Structures are given as structure tokens and as C-alpha cells.
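Examining the three-dimensional arrangement
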Amino acid sequence: MKIPTSIWTLLIGIVLTLASFWYGQNHGLLPAAATDEAVLVDGLFNAMMIVSTGIFLLVEGILIYSAFRYRQRAGDNKDGPPVEGNIPLEILWTAIPAIIVIGISVYSFDVYNEIGGFDPHAIHEAPMMNQESMAMPGSAMAATLSDTPPSTEPNLNQEKSDEAMQDPATAAVRNADQIPQKRNAPGVGSVAPTIGGTPDKAGKPAELQVNVTGLQYAWIFTYPETGITTGEMHVPIGREVQISMTANDVIHAFWVPEFRLKQDAIPGRQSEIRFTPQKAGDYTLICAELCGPYHGAMRAPVVVEPQEAFDKWMQEQLVASKETLNQAIAVNPADLSPNEFLAPYTKDMGIKPEILHQVHH
């Protein structure tokens, strides 16, 4: 019994649809989703994979069938029949992709809005980074240059603090807004477009704020509530985190693949990302913007952990910062100059004294 063409078409359509849905949900191309926002982005990606898989199988199937069905037979040297076109068919295969593209565009905008990306007022309402919070109390060098021991002379501490703020070596590890030669430049301190809070959290402050500075070729994290500064980022599970970032030198890009969020860190501008981590683990922050010859090595560890573990880590960092500051103060009891004080550190790093002298002057 000969099966009608319409039945064959229906069966092939069902098979293609099932295969597309299966592969779209089981492609395994994405790393583990570690935030609430990642689930939304994965849904969009899976939808696009379903559509693209169906189109691929359909187009390639027709090509293979046509190449086999209409191949030139042995001894057949005649020209093929003239084909003048089929307007209804051309309209159909133009309308279908247009509908697909519009549908994906609407879905994409909805996801972008749900993760907090669409907020036309955020650029005007977002608070600027606090310059005090971007200092480096966790660094012995920066701490000593900016946080000196108490003095019996009334204005000595203030003079040292002002000198530290003007010191290029300290500024190299500070936020771009802290660099004196850039602080008053046109456009410095403005807020770049952000990925803010989700619609249900719009207008509410994030539960945890982390200030991030990108510089060639490292990431520096500051927790303004405690003053902790470190080279790795820790965030607790289930709490919304706001990343306020900028760059010291060139454009960098904050990207953690498992978070499905990416945002540029721009010199002289503040950009923001909000997300809520949900899966504990060790992840890697990658710079996704070509920033120089060592761009590929610009990575930093990101740890998502339970609240108890996060609190313990914070306490350890506070203790370590205090000990480092005390050691730095003990090393510099005689009010040494920056060159003299930094000499033990720069020697270990292979920095020659004349280079340090040139930096300071």
C-alpha cells in the first residue's frame, strides 16, 4: 500500500519537532547555571536551539533528499525543466523566518527585562561608588600610605593622607574615580548602563554590594560595608549581590560564564550588575574584553558559599587586614618616605629602586 504524501509530511514533521525539542533541552553546551538570572538566560538559549535545530534538520534534509531524488541519471543528457518561480512559496519562506526573528526578539527583551536589564531610570538614579570604600585596607602598601598611625602633631595625619591620595603607586590599585588626574576629567564618575534589580526588586537596595576594579591584569574586590579588599570574590547563596565596577586603565569586561551575565568595566565610568547566586561552588571571573597582551591571564576566583561560610570568610579577612595593617605600621615607625618604606616589598617583586623613584616623581 502506498502511503500518501501528506501522511509522510506529517510523520516527518512530528519526528523533526521531537528531535528539535529533545536536542534543544539536552545540548549540554552551557556550564552549570549558578544564579537565578542564569535560568532565564538558559531558557532563551534553549528556545533558540530548538528553533535552529528544527530549521537545520529541515533544510539539510530537503537538500539531501533533493540531491538524491533529482540527481542526473546515467545516459540522461537533457536539460532540466525551466522553473519560473513560485510566489506563494517565496512569500511563505520569507514570512516564516520573519515571524521567528520577531518572536525571539520579543522573548529576548522579556528575559532582559526580567533580569533587570531594562531600567531607563537606573543611569540617573544609581549612586556613585564611595571613594572611601574603594581604598585598599587589605594591602600593606596602600594601607600604610593612606592609614597612618596616630600622631601627636595636629595636622600630620591629614598631610600624610593627602600625600597618599596623590601617590601614583597607591592610585594604581585604587578605583579610577580615585585617581587625581582623572577625578575631575569630563565624564568621569558618570554611570554607564546597568543590569539592575529584577522587576520585583526594583527600587530596593541589594543585600550585598561589592565594588570591583579591573586593571591590567587583575581584578580587585572591595566590600564597602567592612572595608575588606581582596583578590577573590566571595558571595553568599540566596542574597542579591550588586557589583559596582570600573577600570583603571583600559576597558575590561566582567564575565562569569556560570552566572550568564557580562558587563564592561570602563575607565572613569561606573557600571553595575545585580544577580542572586543559588549554586555553591568555585567559579572563575574572566575578562571578556581584549585588554592587552596578558588578557588571557586576567582571571580571578569567585566563590559562592552558604551564609555561614561567607560570614566566616569575612571574619578571617577582617582579622588578616588588621594584622597586615599592624605589621605595616610597625615596619614604618619612623615616618619613612614611600620609596624607603616600599623598598622591602618592591625588592621581592623585582622592582628596581630607580623605577619606583620615577613612578613617585
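Heads up: these notes are all about the structure in this document. (Residues numbered from 1 in each chain as written. Predicted model: local features only at pLDDT ≥ 70, side-chain atom pairs only at ≥ 80, totals over all residues. Heavy atoms only, no water.)

Examining the state of the cysteines
This is how it is decided: Cysteine sulfur atoms that come within 2.5 Å of each other are treated as a disulfide pair. Working definition: with a 1.4 Å probe on protein chains only, accessible area under 20% of the residue-type maximum means buried, over 50% means exposed, and in between means partly exposed.
Tallied over the full model, the rule gives 0 disulfides. We note that C291 lacks a disulfide partner, and the nearest cysteine sulfur, in C287, lies 3.9 Å from it. Since its relative accessible area comes to 5%, C291 is described here as buried.

As for unusual backbone geometry
What counts here: Strands here are runs of E lasting at least two residues and helices are runs of H or I lasting at least four, both read from the DSSP assignment and numbered beginning at the N terminus.
The amide bond that connects Q216 to the next residue, Y217, takes the cis arrangement and shows omega of 0°. When you line up the elements, Y217 lands in the loop between β2 (208-215) and β3 (218-223). Unlike most non-glycine residues, R260 shows phi in positive territory, near 60°.

Details of the sheet that holds strand β8 (residues 261-265)
Counted only if it meets this: Note: two strands are recorded as paired if DSSP finds a minimum of 2 bridges between them. Here an axis means a line fitted to C-alpha atoms, over the contact stretch when the element is a helix, while the angle between two N-to-C directions is reported on a 0 to 180 degree scale.
Pairing within the open sheet is mixed, and its 5 strands lie in the order β5-β11-β10-β7-β8. Two strands close off the open sheet at either side, each with one partner strand: β5 (233-236) and β8. With strand direction ignored, the average angle separating the axes of adjacent strands in the sheet is 25°. Bridging between strand β7 (residues 252-256) and β8 involves 5 bridges; their strand directions are antiparallel. Paired with V256 across the bridge in β8 is L261.

A few points about the pattern of salt bridges
As a reminder of what qualifies: Salt bridges are counted wherever a side-chain nitrogen of Lys or Arg sits within 4 Å of a carboxyl oxygen of Asp or Glu.
Tallied over the full model, the rule gives 2 salt bridges. Between D42 and R260 there is a salt bridge, with the nearest N and O atoms lying 2.6 Å from each other. Of this pair, D42 sits in helix α2 (residues 36-69) while R260 is found in the loop between β7 and β8, placing the two residues 218 residues apart along the sequence. Of the residues examined, D42 reaches a relative accessible area of 14% and is grouped as buried. With its nearest N and O atoms 3.5 Å apart, the salt bridge here joins E240 to R274. With a gap of 34 residues between them, E240 in the loop between β5 and β6 (241-247) and R274 in strand β9 (residues 269-275) connect regions that are remote in the sequence. Comparing E240 with R274, the two get one shared label, buried.

A short note on the packing of helix α1 (residues 5-25) against α2
Short version of the rule: Here the word oblique covers every angle except those under 35 degrees (roughly parallel), over 145 (roughly antiparallel) and from 65 to 115 (roughly perpendicular). By the definition used in this description, the sense in which the near helix is turned from the far one sets the handedness, with an anticlockwise turn below a right angle giving left-handed and a clockwise turn giving right-handed. By definition in these notes, contact holds between two residues if any of their heavy atoms fall within 4.5 Å. Residue polarity is assigned by list, with Asp, Glu, Lys and Arg as charged and Ala, Val, Leu, Ile, Met, Phe, Trp, Tyr, Cys and Pro as nonpolar; anything else, Gly included, falls into the polar class.
At their nearest, the axes of α1 and α2 sit 8 Å apart, and the two run at 140° to each other. If you check the angle between α1 and α2, you find them oblique. Judged by the sense of rotation from one axis to the other, the crossing of α1 with α2 is right-handed. Here α1 contributes L16, A19, S20, F21, Y23, G24 and Q25 to the contact with α2, which in turn contributes N46, M49, I50, T53, G54, L57 and L58. In terms of residue class, the contact of α1 with α2 is made up of 8 nonpolar, 6 polar and no charged.

Thoughts on the nonpolar core
In plain terms, the rule: For our purposes a nonpolar core is just a set of buried Ala, Val, Leu, Ile, Met, Phe, Trp, Tyr and Cys residues, chained together by side-chain atoms within 4.5 Å.
Ranked by size, the top nonpolar core spans 36 residues in total, and within it V210, W219, Y223, M233, I243 and F254 carry the most contacts. In terms of residue count, the dominant contributor to this core is β6 (4 residues). Residues in contact with V210, not counting those within four places in the same chain, are F221, T222, Y223, P224, M233, V241, Q242, I243 and S244.

Regarding the side chain of S244
Definition in use: Polar contact is defined as a pair of N or O atoms within 3.5 Å, subject to the rule that within protein one atom must be able to donate a hydrogen and the other to accept it, and that residues adjacent in sequence are counted only when both atoms are side-chain atoms.
Inspection of the secondary structure assignment puts S244 in strand β6. In terms of polar contacts, S244 uses its side chain to reach the side chain of Q242, at 3.2 Å.

Here we look at α2
Put simply, the rule is: Here the expected span of a helix is defined as 1.5 Å times the quantity of residues minus one.
Look at α2: 50 Å from first C-alpha to last across 34 residues, which is about the 50 Å you get at 1.5 Å a residue. Every buried residue of α2 is listed here: E37, A38, D42, L44, N46, M49, I50, T53 and G54. Packed against the buried residues of α2 are α1, α3 (87-114), β8 and β9.

Let's talk about the packing of α2 against α3
Helix packing for two helices is described by the angle between their axes and how far apart those axes are. Viewed as axis vectors pointing N to C, α2 and α3 meet at an angle of 170°, and their least axial separation amounts to 9 Å. Classified by the angle their axes make, α2 and α3 are roughly antiparallel. On α3, the residues touching L40, V41, G43, L44, A47, M48, V51 and I55 of α2 are I100, I104, Y107, S108, V111 and E114. Looking at the contact of α2 with α3 residue by residue, the classes come out as 11 nonpolar, 2 polar and 1 charged.

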